[in-house]
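Close look at the chain arrangement
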Amino acid sequence: MSFSRITSLFRNLLHKQRVDSDLDAEMRAYVEQVAAEKMEAGMSPAEARRQALVEFGGVEQVKEEVRGIRAGALIDQFWQDIRYGLRILRNNPGFTLVAVLTLALGIGVNASIFTLFDSVALRPLQLPESNRLLDVYQTMHGKMHRNVMGGINLSSYPEYLDYRDHNEVFASLAAYKPETRATLATTREEINGQLATCNYFDVVEVKPALGRGFVPSDCAAANASAVVVLSHSLWENTFGSDPAIVGKVIRMNRVPMTVIGVMPPNFRGTQIIPAEFWAPITMTPSLDKLSFRDMLNDDDSSWLAMLGRLKDGVSLAQARANLNVIAAQMDGRRPGRKTDVTVNTATLFGRPDMRVVVFSAGSVVLVAVGLVLLIACANIANLMLARAAGRTREIAVRLAMGASRARLVRQLLTESLLIAAAGGGLGLLVSSWTAPALVKVLLARIPAGGPWFSVSSTPDLRVIAYAAAMTILTGMAFGLAPALQATRNDVNAALKDEGAQTTMQSRGRLRGALIGIQVAVCMVLLVCAGLLLRGLAHAQQLDPGFEMNRIGMVNYRLAAQGFTPEQAAAFNRDMRERVSAVQGVEEVADVAAAPLANVHFGATFSEPGHSERRQMTYDIVGANFFSLVGIPITRGRSFTETEVKNNIPVIVVNEAAARAWWPGQDPIGKRLVAYLRQKTECEVVGVAKDVELDAIGAAHTPFIFLPATAAEQAEIMLLVRTRVPFDQVASPIREAARKADAELQIDVLSLRTNLEDWPLGPARILVVLAGTLGLLGLALASIGIYGTAAYSISRRVREIGIRMALGARAADVKTMVLRQSMRPVLIGGVIGVLICAAVTRILAKMLFGISPMDAISFVSVAAFLTAVALLASYLPARRAVRVDPMVALRHE
Amino acid sequence: MADKQTNLLQGTLDLLILKALIAGELHGLGISRRIEQITGGTFLVKPGSLFPALHRMEEAGWLSAVWGESENHRKAKYYRLTKAGERQLGAETEQWQRIALAIQAALQTS
């Protein structure tokens, strides 16, 4: 825009009056000049003026055109539209209120879901200059034997040292174990913390509120410095805000640790699961005995997340390039392996494997709530259409006065955007209230003992931008079609009031399409809810192939709590005796991972003399495990007590594993090499029936059972079968455990909770979500169907009156009206069913054996929806036939 | 198609207005008459196209306008070429000649 154009813009906007009167004077001067010439030629003054005006062509139109080309004309018109729009909306308070409230609710729900998603997956960490804090994760391909402890994208300590020492992009790079469970001696409470390199607090740039953070000497050597930094909430809740806490010694996992600092209240670590303590990474061998490997030197373990602070002036792209070069050098020492380094601005959910889950779940939910908003938009669009019918004449007048169609569409769109803006603004308010409520509901549904999340539900700029985008989209969605439709009038017909009938048809079609969309969307949501509900009901009768009732878990983790295998063996012997002595207990068995506990052990196995190694899931069990949970041994036998006690290398495999290793042969007596602590050659003594031990639906995956020998005692927990319902013996068992060891953290739970918590929990949340959204959508759609039917009948009162007067029976009229309003419903329903057939496959994992094309769900939901739609259109139809023909004919 | 035609006409109109003002300042009616005269009566510019064009060109900085008195002693708005307007006239003349030559060449090939 040139300088003169800008000065004109200011002149036009600031001195509108003078610019306008100038224009007026200029036009007048022109006309008068022409008239004067004509008078000189001998015309009468009146005739001369008339002729001059005719030659000029409409003065007002020319003025309007000049105004139209001026700089700032658009701004000017925009203000005009807004003023006009506000006036129109003020004159229809009922319509405005309904539309704004509907949108506020729709946008509010959408924005609150997005707030949640944003705070988990998009928002940078709430730390100083967090845009320069980067998450660094690895993804490896090709040949490798990786010991995965917590996630495939984590790295090993030697790998971290390589990145730390060779990168040129970070001011400093820290690594930490994202989750470390530790039991506090004082409360027997299990807390989560992070084992971090000693520069961790320098990288996050947060100073302790009390005491100090780590110094380099804390990380000098393995177990060099038994120090710990506490979170503010741990200090407050467990240590009563003791002002003299620094310097005191607390026992964690039986290790005495000196408290050196307390972090400020808002710092909860850098992962989605908040940390309660931080200890030097060099304390791993004594604090975290979960692995038999030397974690600080093992190059093939995935256990560390990395967090770096960029140097000044270094870009994200440079960091990516540099770290990938280092990874390539490391790969050079490992032929056949290829490592990709993922570098991103640090968020609470940074790990690529977790991000995939969060993004797919998040987008499904956002789409679902977006669909409900779409239904709401269709209702408002319908209202707008009905209103446009009432404004036919106004619009025709404006078209006749020379307004262009584009100008009118713009003005009508301004009106709908005004409604949308009001709805969006109110929606943000609504979401600032619903987002925290939603967090509360979700947290309440996370199974006890499961991870709890640290999310903030305050909206940030991203949320506001999302709500704004939603607002504009909805404004266009419900405004554009009615605006185009309204301005398509035949001016002459409309002015003569004949247009109503001719345009009714196309308007009716658009309205029908809107109803169809609503019904289709409802159908999708409700069929999904129906399928999930049937899946849940089915899961209640689910037979995993082993006994779940009257079996309990006495869950403890001796390795994590500092037991050596010898101490653990002694403790387990004592525990077994004490638990067996409890009234009502029938049998007790050792197990490392309880069935369906969502704890999986993996190791590689090979046949003796073969180099090919295969990864398989295994569990460590006592000799009586199979009889206790009722898994049939189909060939051979289980381990004997003697074999277990004397460390004889024997194994039991499931049928799938037998098929995988020795198809068509007798597996008994065959041998497998297990690569565990050390390479052990084992003999197969039995085959167990395939059951859903590892996960629901995973019965036929190969599974190997190893005996719970003395060396494995620190990994063991107990399974208990009882004569009476398990709840009756839970607290005596807890009491017995306390007597065995007062410092031990222990969970006593029914085996059924494993099924309830993990596979069923998320399915329940989904059912609630899809059901609520589906019913909300259905309510909105019924209002739409009812409104459309009622409106079209009100436009046809005269026609119905004539039909009745000519002798049509009430039933015929009703059928006619019903047929008309049900047609879009049925078309929409069929489309909805087709969409469902295409998309329900993604729910397959949540259906517990119910087919994604389950006929019962499809038919019952379709029937239910049709019935509701029938009712919604029957009510206005019934009213229609009550019309008195005489009154109807006099109508209008 | 319709758009292209308008563009061409609009471009032509701008060129004619600039050319009409090269001899000195004129008011609206004067410009209209002058164009009629210099095109031998081929172009009759109606106020409906003249005034939007004048205002657009004024905002573009090619013309400046002052209020003065017309030959029959009435108030009238006079337009005058600015330096930018003279440059624009040069540019548009050159462009027009190129187009005219091109079209002529196109029409002569059979």
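Scroll up to find the structure.
Notes on the structure follow. Residues take numbers from 1 onward in each chain, read along the sequence in its written order. Chains and ligands are labelled sequentially in the order written, the chains with letters from A and the ligands with numbers from 1. Note on the predicted model: pLDDT of at least 70 is required for a residue's local features to be given, and 80 or more for side-chain atom pairs to be given and counted; whole-chain, interface and lining totals, by contrast, use all residues. The side-chain figures draw on all heavy atoms in the structure; neither hydrogens nor water molecules are used.

**Regarding helix α13 (residues 392–400) of chain A**
- The buried label applies to any residue whose accessible area, calculated with a 1.4 Å probe on protein chains only, is under 20% of its type's maximum; exposed applies above 50%, and partly exposed to all values in between. A run of H or I in DSSP counts as a helix once it spans at least four residues, and a run of E counts as a strand once it spans at least two, with each numbered from the N terminus. Those residues of α13 of chain A not exposed but buried are Thr392, Ile395, Ala396 and Leu399 of chain A. Buried residues of α13 of chain A fall within an arc of 100° about the axis and therefore sit on the same side. By arc we mean the arc of the directions from the helix axis to the C-beta atoms, nothing more.

**What to know about the interface of chain B and chain A**
- Contacts are residue-level and defined by heavy atoms, with any inter-residue pair within 4.5 Å sufficient. On the chain A side, the residues contacting the 26 residues of chain B number 26 residues.
- Counting the surface chain B buries against chain A, the share from its top three residues, Leu29, Phe51 and Glu59 of chain B, is 33%.
- Only one rule defines a salt bridge in this text: a Lys or Arg side-chain nitrogen within 4 Å of an Asp or Glu carboxyl oxygen. Taken together, chain B and chain A are joined by two salt bridges.
- The set of elements that each furnish at least two residues to the side of chain B that touches chain A consists of α2 (28–38), α3 (47–59) and β3 (75–81) of chain B.
- Tallying contributions element by element places α3 of chain B first for the side of chain B that touches chain A, with nine residues.
- When residues are sorted by character, Ala, Val, Leu, Ile, Met, Phe, Trp, Tyr, Cys and Pro go into the nonpolar class, Asp, Glu, Lys and Arg into the charged class, and all the rest, Gly among them, into the polar class. Within the side of chain B that touches chain A, the residues separate by chemical class into nine nonpolar, eight polar and nine charged. Buried area: the accessible area, evaluated with a 1.4 Å probe, that two parts lose upon being put together, summed over both parts.

**Let's talk about the state of the cysteines**
All names here are of chain A.
- Note on terminology: pairs of cysteine sulfur atoms within 2.5 Å are recorded as disulfides. Scanning all chains against the criterion turns up one disulfide over all chains.
- With no disulfide of its own, cysteine 522 lies 11 Å from the sulfur of cysteine 836, the closest cysteine sulfur.
- Of the residues examined, cysteine 522 reaches a relative accessible area of 0% and is grouped as buried.
- Lacking any disulfide linkage, cysteine 836 is separated from the closest cysteine sulfur, that of cysteine 528, by 5.5 Å.

**Quick look at the packing of helix α2 (residues 16–40) of chain A against helix α4 (residues 59–69) of chain A**
All names here are of chain A.
- Interhelical geometry of α2 versus α4 gives an angle of 135° and a closest axis separation of 11 Å. One finds that α2 runs oblique with respect to α4. The hand of the α2/α4 crossing is right-handed. Together, Asp20, Leu23, Asp24 and Met27 of α2 and Val59, Val62, Lys63, Val66 and Arg67 of α4 make up the contact between the two elements.
- For the contact of α2 with α4, the per-class residue count stands at five nonpolar, no polar and four charged. Between N-to-C directions, angles span 0 to 180 degrees; the directions come from axes that are lines fitted to C-alpha atoms, helices contributing only their stretch in contact. By the definition adopted for this analysis, an angle is roughly parallel if under 35 degrees, roughly antiparallel if over 145, roughly perpendicular if from 65 to 115, and oblique otherwise. Two helices crossing with the near one rotated counterclockwise from the far one by less than a right angle form a left-handed crossing, whereas a clockwise rotation gives a right-handed crossing.

**A closer look at the pairing of strand β6 (residues 227–230) of chain A**
Residues and elements named next belong to chain A.
- Burial of the side chains of β6 extends over both faces: Val227 and Val229 are buried on one face and Val228 and Leu230 on the other.
- Where β6 and strand β8 (residues 255–262) come together, four bridges link them in parallel fashion. Residue valine 229 lies in a different strand from β8, and its bridge partner there is glycine 261.
- For two strands to be treated as a pair, DSSP must find at least two bridges joining them. Note: β6 against strand β9 (residues 277–280), two bridges, orientation antiparallel. Within β9, the position partnered with valine 229 by the bridge is tryptophan 278.

**Points about the nonpolar core**
- Within the largest apolar cluster, 129 residues are counted, with the highest numbers of intra-cluster contacts made by Tyr200, Phe625, Phe639 and Phe705 of chain A.
- Dropping the residues within four chain positions of it, phenylalanine 705 of chain A is found in contact with Asp619, Val621, Phe625, Phe626, Phe639, Ile651, Val652, Ala688 and Leu693 of chain A.
- Membership of the second largest hydrophobic core comes to 32 residues, among which are Leu16, Leu54, Tyr79 and Leu81 of chain B. In this description, a nonpolar core means a group of buried Ala, Val, Leu, Ile, Met, Phe, Trp, Tyr and Cys residues linked to one another through side-chain atoms lying within 4.5 Å.

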